[in-house]
Amino acid sequence: MNGVELFLLGRTLMKIGEEAMPTEGIGEHSTSVRTVLIVASDLRGHPDTTVGEIAARTGLPQSAVSAAVARLRTAGAVITETDPADRRRTIIREAPKVSERVAEVRDTPIDAALAAALGTDDPERVSATVAMLEELAGRLIPEIMHRT
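Position numbers for residues count from 1 along each chain, tracking the sequence in the order it is written. Only residues with pLDDT of at least 70 are given local features in this predicted model, and only at 80 or more are side-chain atom pairs given and counted; all residues enter the totals for whole chains, interfaces and linings. For the side-chain quantities, the full set of heavy atoms in the structure was used; hydrogens and water were omitted.

1. Comments concerning the overall build of the chain
And then number 1: A tally of helices and strands in the chain yields 8 helices and 2 strands.
And then number 2: A helix here means a DSSP run of H or I that spans at least four residues, while a strand means a run of E at least two residues long, and both kinds are numbered starting from the N terminus. Listing each helix as α and each strand as β along the chain from the N terminus yields α-α-α-α-β-β-α-α-α-α.
And then number 3: Expressed along its principal axes, the backbone C-alpha trace of the chain runs to roughly 55 × 35 × 30 Å.
And then number 4: Per-residue accessibility, obtained with a 1.4 Å probe over protein chains only, is compared with the maximum for each type, and a residue is labelled buried under 20%, exposed over 50%, and partly exposed between these values. In the chain, buried positions account for 26% of the 148 residues.
And then number 5: Values of accessible area rely on a 1.4 Å probe in the Shrake-Rupley scheme; residue burial ignores everything except the protein chains shown. With an accessible surface of roughly 9900 Å², the chain has 56% of that area assigned to carbon and sulfur atoms.

Spelled out as structure tokens, the structure:
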């Protein structure tokens, strides 16, 4: 495997992940699931941050970050508060408790989206692929495998 193949695999996995996300009942939004996940991921690595700081780190436009933060706030995934040191700034951090919506997203299996991507309805093939992905995730991003 070379860098291009790895990149293409990553994009394919992102698309499968997006397809696996439950979207029932959340309505229309101006931001994509991908943008929301990029912002949530950045926030996880940089607690107590601002929209401008997230935009600078991710390369996303501030408007997209603001919209993603609004979606995350509505889902109960983040809280925002005015910075006491500079009342013009809003600090963003992960919510202390996992909301029902966040729990639903985290608990939704990828099997159906993965089966569609694989072009199969063979549960053994899907299960084996899920196991390979879990092993890969455990090696590359072990902190997600131990999330509470």
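From this point on, the discussion continues.
2. As for the pairing of strand 1 (residues 78–83)
And then number 1: As defined by bridge partners, strand 1 adjoins strand 2 (residues 86–94) across 6 bridges and the pair is classed as antiparallel. Within strand 2, the position partnered with Ile79 by the bridge is Arg93.
And then number 2: Two strands are counted as paired when DSSP detects at least two bridges linking them. Joining the antiparallel neighbours strand 1 and strand 2 is a turn of 2 residues.

3. Notes on a nonpolar patch on the surface
And then number 1: The residues that make up patches have over 30% relative accessible area and no salt bridge, and they are joined within 9 Å when like-charged or within 5 Å when they are Val, Leu, Ile, Met, Phe, Trp or Tyr. A carboxyl oxygen of Asp or Glu within 4 Å of a side-chain nitrogen of Lys or Arg is what we treat as a salt bridge. Together, Met1, Leu6, Leu9 and Leu13 make up a nonpolar patch on the protein surface, roughly 400 Å² of accessible area in all.
And then number 2: Under the relative-accessibility criterion, Leu9 is labelled partly exposed at 34%.

4. Topic: the nonpolar core
And then number 1: Note on terminology: a nonpolar core comprises buried Ala, Val, Leu, Ile, Met, Phe, Trp, Tyr and Cys residues joined through side-chain atoms within 4.5 Å. Counting residues in hydrophobic clusters, the biggest one holds 14 residues, and the most contacted among them are Val39, Val65, Val69, Leu72, Val78 and Ile92.
And then number 2: Of all the elements in the fold, those that place two or more residues in this core are helix 2 (33–45), helix 3 (51–58) and helix 4 (62–74).
And then number 3: If you tally residues by element for this core, the top one is helix 4, at 4 residues.
And then number 4: Excluding residues that lie within four positions of it along the chain, Val39 makes contacts with Ile54, Leu60, Val65, Ala68, Val69 and Leu72.
And then number 5: Formed by 7 residues, the second largest nonpolar core is a distinct cluster that contains Ala20, Ala113, Leu114 and Ala115. Any two residues whose heavy atoms approach within 4.5 Å are treated as being in contact.

5. Re the confidence of the model for the chain
And then number 1: One confidence number per residue, pLDDT, is output by the predictor and ranges from 0 to 100. Residues with a pLDDT of 70 or more make up 94% of the chain, whose mean pLDDT is 89.
And then number 2: Confidence scores differ between elements of the chain, with helix 8 (residues 142–145) showing the lowest mean pLDDT of 68 and helix 6 (residues 111–118) the highest of 96.

6. What about helix 2?
And then number 1: An expected span of 1.5 Å times one less than the residue number is assigned to each helix. With 13 residues, helix 2 extends 19 Å from end C-alpha to end C-alpha; this agrees with the ideal 18 Å at 1.5 Å per step.
And then number 2: Considered for burial, the residues of helix 2 that qualify are Thr35, Val36, Val39, Asp42 and Leu43. The arc enclosing the buried residues of helix 2, seen along the axis, measures out at 130°, which places them on a common side. Projecting away from the buried face of helix 2 at angles above 90 degrees are the exposed residues Ser41 and Gly45.
And then number 3: Close packing links the buried residues of helix 2 with helix 3, helix 4, strand 1 and strand 2. The directions from the helix axis to the C-beta atoms are what the arc is built from.

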